[in-house]
Amino acid sequence: MAKELQEDTCYVALTHDHLDSTSMIDRVRSPKAGAIVLFAGTTRDNFAGKPVKELQYTSYEPRALQTMLAICKSVLEKHGLTSIAMIHRLGVVPIGEESILITVSSPHRQAAWRAGEEALEECKAKVEVWKKEEFGGEEGGVWRANRDGAEGVRIDDGRKENEPAAGPHGPILRPTRPGERGHGPVVHLNSTERPVT
C-alpha cells in the first residue's frame, strides 16, 4: 500500500509495491495537455564495473513525501505544467524493475521534457531516500545517498559492525565528500559565533 500526498495537480507517493506506469500516466492526463512525459528509473546490473544483484531503498517517509511534494509544486509552477506525479519504490528492487516513475503533463512538449528532467534531478539531490547496492559474490553491499556520485558506506554480509547506524526510518548516513549535495555536515556554533552566509 502506498503512502501518498496530493495537492491540487501534484501527486507523490512511496510504496513497496511494483510501480505501474499506466496509472501514473493516467494521474496526469488532461484535455489541457498536449504532452505527457514519463521517466522510469530502473535497476541496472552493474555499478562502476561491479555486478549488482539488486538495490534496496529505505526512506524517512514523512519527510521524503513532503520534500517530493515541494519539488513537484515548484516544477509545476516553473514550467507551467498541467500536472505532475512522482512515485518512488522502497524495499528490494530487482534488476530491470522500476524504482521511480515521474510523469508530467503540459500544454507543450518542450516544457514537459525539461520539467521531467528537473524533477528527477531535484528528487535525487534532495529527497530523503537511501539505497543499498547489493553486489554479487563476496562483495557485500554499499549504502549511499540516492544521488549520482554519492559516497557509500561499505557493509559486509552478516557483519553488523560495518553497517551504518540505524535510525527509526533507515540508515544514518553523513556525506563526507567535499561539494556533496544534500544535507551536508552538522555545524556547531558557540553562543558568540554567527553562521557565515
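Residues numbered from 1 in each chain as written. Predicted model: local features only at pLDDT ≥ 70, side-chain atom pairs only at ≥ 80, totals over all residues. Heavy atoms only, no water.

Visitor: Got a minute to help me understand the overall build of the protein in this structure?
Guide: Within the protein one finds three helices and 13 strands. Within the protein, residue pairs in contact and separated by at least 24 positions form 64% of the contacts whose partners lie at least 6 positions apart. Carbon and sulfur atoms make up 50% of the accessible area of the protein, which amounts to about 11,400 Å² in all. (Helix = DSSP H or I, 4+ residues; strand = E, 2+ residues; numbered from the N terminus. Contact = heavy atoms within 4.5 Å. Areas by Shrake-Rupley, 256 points an atom, 1.4 Å probe, with all protein chains shown as cover.)

Visitor: What's the story with unusual backbone geometry in this structure? I'm lost.
Guide: Phi is mostly negative for residues that are not glycine, and the peptide bonds are mostly trans. The residue Asp 8 is not glycine, and still its phi comes out positive at about 55°. Here Asp 8 is to be found in the loop between strand E1 (3–7) and strand E2 (10–15). Residue classification places Asp 8 among the exposed residues on the basis of a relative accessible area of 71%. Although it is not a glycine, Ala 48 adopts a positive phi angle of roughly 50°. Take Ala 48: it is sitting in the loop between strand E4 (46–47) and strand E5 (50–59). Its relative accessible area of 68% is what places Ala 48 among the exposed residues. (Buried < 20%, exposed > 50% of the residue type's maximum accessible area, 1.4 Å probe, protein only.)

Visitor: Where do I start with the nonpolar core in this structure?
Guide: A general trend in soluble globular proteins is that nonpolar side chains are found buried together. Residues Ile 84, Met 86 and Val 104 are the most contacted members of the largest nonpolar core, which totals 33 residues. Those elements that place two or more of their residues in this core are E2, strand E3 (35–42), E5, helix H2 (61–79), strand E6 (83–89), strand E8 (98–106), helix H3 (109–126) and strand E9 (129–135). The element that contributes the greatest number of residues to this core is H2, accounting for eight residues. Residue contacts for Met 86: discarding those within four places in its chain leaves Tyr 11, Val 12, Ala 13, Met 24, Met 68, Ile 71, Cys 72, Ile 100, Leu 101, Ile 102, Ala 119 and Cys 123. Tyr 11, Met 24, Ala 85 and Leu 101 belong to the second largest nonpolar core, which has eight residues in total. (Core = buried A, V, L, I, M, F, W, Y, C linked by side-chain atoms within 4.5 Å.)

Visitor: Is there a simple way to think about the side chain of Ser 59 in this case?
Guide: By the secondary structure assignment, Ser 59 is in strand E5. From its side chain, Ser 59 meets the backbone oxygen of Glu 128 in a polar contact 2.9 Å long. (Polar contact = N/O pair within 3.5 Å; in protein donor to acceptor, adjacent residues only side chain to side chain.)

Visitor: Looking at this model, I keep getting lost on the sheet that holds E2. Mind explaining?
Guide: Consider a sheet: its strands pair through backbone hydrogen bonds, and that pairing is either parallel or antiparallel. In space, the five strands of this open sheet follow the order E1-E2-E6-E8-E3, with mixed pairing throughout. Each having just a single partner strand, E1 and E3 make up the two edges of the open sheet. Going from strand to strand, the sheet's axes swing by 5° on average, the running direction of each strand aside. In this structure, E3 lies alongside E8, joined through eight bridges in antiparallel fashion. Along E8, the bridge assignment pairs Ala 35 with Ser 106. (Pairing = 2+ DSSP bridges. Axes fitted to C-alpha atoms, helices over the stretch in contact; angles between N-to-C directions.)

Visitor: So what exactly am I meant to see when it comes to the packing of aromatic side chains here?
Guide: For any pair of aromatic rings, geometry is given as the distance between the ring centres together with the angle between the planes. Inspection of the entire model under this criterion finds zero aromatic pairs. Across the ring face of Tyr 11, the terminal group of Arg 27 is positioned such that the distance to the ring centre comes to 3.6 Å. If you follow Lys 50 out to its NZ or CZ, it ends over the ring of Phe 135, 5.0 Å from the centre. (Phe/Tyr/Trp six-rings, centres within 6.5 Å; stacked < 30°, edge-to-face > 60°. Lys NZ or Arg CZ within 6 Å of the ring centre and 35° of its normal.)

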